[in-house]
Amino acid sequence: MPESTATAQPLMKQADTAGLAEAARLLCEGKLVAFPTETVYGLGGNALDDKAVAAIFACKGRPQFNPLIVHVDHMQRLHGHVVWNDTAKLLAAHFWPGALTLVVERSMDSALSYLVSAGLSTVAVRIPAHTVAQALLSQCGIPVAAPSANASGMLSPTTPLHVAESLGSKVDLILMGGKTTVGVESTVVDTTTTPPRLLRHGGLPYEKIVGILPDLIDMTAQTADEANPGASPGMLLSHYAPRLPLRMNATQVEASEALLAFGPDHFIRGGYTRLNLSKEGDLNEAAANLFAMLHTLDKSGAASIAVCPIPETGLGMAINDRLRRATIR
Ligand code: TXA
Ligand code: MG
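Summarised in this report is the structure supplied together with it.

Calculation rules
Residues numbered from 1 in each chain as written. Chains lettered and ligands numbered in written order. Predicted model: local features only at pLDDT ≥ 70, side-chain atom pairs only at ≥ 80, totals over all residues. Heavy atoms only, no water. Helix = DSSP H or I, 4+ residues; strand = E, 2+ residues; numbered from the N terminus. Rg over C-alpha atoms; globule rule 2.2 N^0.38 Å. Buried < 20%, exposed > 50% of the residue type's maximum accessible area, 1.4 Å probe, protein only. Contact = heavy atoms within 4.5 Å. Areas by Shrake-Rupley, 256 points an atom, 1.4 Å probe, with all protein chains shown as cover. Lys, Arg positive; Asp, Glu negative; His and termini not counted. Charge placed at Lys NZ, Arg CZ, Asp CG, Glu CD. Salt bridge = Lys/Arg side-chain N within 4 Å of Asp/Glu carboxyl O. Polar contact = N/O pair within 3.5 Å; in protein donor to acceptor, adjacent residues only side chain to side chain. Axes fitted to C-alpha atoms, helices over the stretch in contact; angles between N-to-C directions. Parallel < 35°, antiparallel > 145°, perpendicular 65-115°, else oblique. Left-handed = near helix turned anticlockwise from the far one by under 90°. 1 Å grid on protein atoms, 1.4 Å probe; cavity = no way out; pocket = protein on both sides within 12 Å on 5 of 7 lines; lining within 4 Å. Points joined across faces, edges and corners; volume = space filled by probe spheres on them. Nonpolar A, V, L, I, M, F, W, Y, C, P; charged D, E, K, R; others polar.

## Quick notes on the overall build of the protein
Scanning the protein from terminus to terminus reveals eight helices and 16 strands. In terms of C-alpha radius of gyration, the protein reaches 20 Å, essentially the compact-globule figure of 20 Å for 329 residues. With the principal axes as the frame, the protein shows a C-alpha extent of 55 × 50 × 35 Å. Buried residues in the protein amount to 53% of all 329 residues. A fraction of 66% describes how many contacts in the protein between residues 6 or more apart in sequence connect residues 24 or more apart. When the accessible surface of the protein is totalled, it reaches about 13900 Å², and 56% of it is carbon and sulfur. Distance between charge centroids for the protein: 3 Å, based on 25 positive and 29 negative side chains.

Below you can see the structure in the form of structure tokens.
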């Protein structure tokens, strides 16, 4: 797969009745649709579908699995997926729909893809204030994961043309809804901590939130001191790592170890429990399975996890990035 040459012409449709219907259908089929929100254009995929979420990362060429924002048209749509706390309820009541993303706890039995929250026990959610986004989210009736619709490392898109230039035909449809009004990404607040923490400055001004939530802490000023120096916004998080020790590039497995294989694995015998990220060696499938399988192996009763070598190409880079972090204790 060519990495970033977005030369082929993407499919672009006006956000009229027919365009919206097609976009909603594609999302339900697991395809990727770029759509306008009031902040920036989002690269949407079904948040319940591991493969669709993996395809988002592949499309952006992201070298890491940063957790994504789940977009819905109304709060009831998140029922069974998240646990509301008082802070989140308060902020949602004041600022939704709008340019504010709330990090909340995932429900234990949520069907949201683990990849959406990069394996964390929390999830970021937002109701966008944009008629096209709302119509789309209501018509498809599913929660939609959407990072900004640009290739990794490029500027966030505020017009359909930006999306086309950056992603080309790697996105299945670009729903055109003019220029976005806010133009910067949403503000991100983690409501799961006491006191709550601002993780990213954005479209909803800090002062407005502090007006409602005086004890809000601005974590963005502290980036360099936190877990990872030179960090991107997502790096403020302690990322999901399995409880068990993990070793990479395993070519054989001990009896006490769980095996996380990739590609043909018949030549490796034994192991306490065995799972395969993708027997066909498909990196997108592997990404889609990664966090769910790590969770399963973590609970398997094995003493540690051995992971087969994974190529450093495409989503393999993001998979290896996560695995390397999991080896650091
Ligand atoms: O305006 C926006 O927010 C746009 C539009 C499309 O909605 N989306 C966007 O998504 O900017 P993205 O993926 O580029 O940024 C998501 C941000 C990142 O900073 C990420 O670290 C944070 O939200 N985030 C997502 N899930 C999180 C979680 N569970 N805990 C903490 N931070 C999280
Ligand atoms: Mg972005």
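## A look at the side chain of Lys60
Among the structural elements, Lys60 can be located in helix α2 (residues 50-60). Nearest to the buried, unbridged Lys60 among oppositely charged side chains is Glu185, at 7.6 Å. Of the polar contacts made by the side chain of Lys60, one reaches the backbone oxygen of Ser148; its length is 2.6 Å. Filtering out sequence-adjacent residues up to four positions away, Lys60 remains in contact with Leu43, Pro147, Ser148, Asn150, Ala151 and Ser152.

## Some thoughts on the packing of α2 against helix α7 (residues 283-298)
Running from N to C, α2 and α7 point in directions that differ by 120°, and their axes come no closer than 8 Å. Relative to α7, α2 is oriented oblique. The way α2 lies across α7 gives a crossing that is right-handed. Residue-level contacts link Asp50, Lys51, Ala54, Ala55 and Ala58 of α2 to Asn284, Glu285, Ala287 and Ala288 of α7.

## So, the layout of surface pockets
Roughly 950 Å³ of internal volume is contained in the largest pocket. What lines the largest pocket is a set of 45 residues, and nearest its centre among them are Arg62, Pro147, Ser148, Glu185 and Arg200. Counting residues per element, the ones that place at least two in the lining of the largest pocket are β4 (69-71), β6 (100-106), β7 (122-126), α5 (160-167) and β11 (197-200). If one sorts the elements of the lining of the largest pocket by residue count, β7 sits on top with four residues. A class-by-class count of the residues in the lining of the largest pocket yields 20 nonpolar, 19 polar and six charged. Roughly 210 Å³ of internal volume is contained in the second largest pocket. Forming the walls of the second largest pocket are Glu105, Arg106, Ser107, Met108, Ser110, Tyr114, Gly119, Leu120, Ser121, His295 and Lys299. Classifying every residue of the lining of the second largest pocket gives three nonpolar, five polar and three charged.

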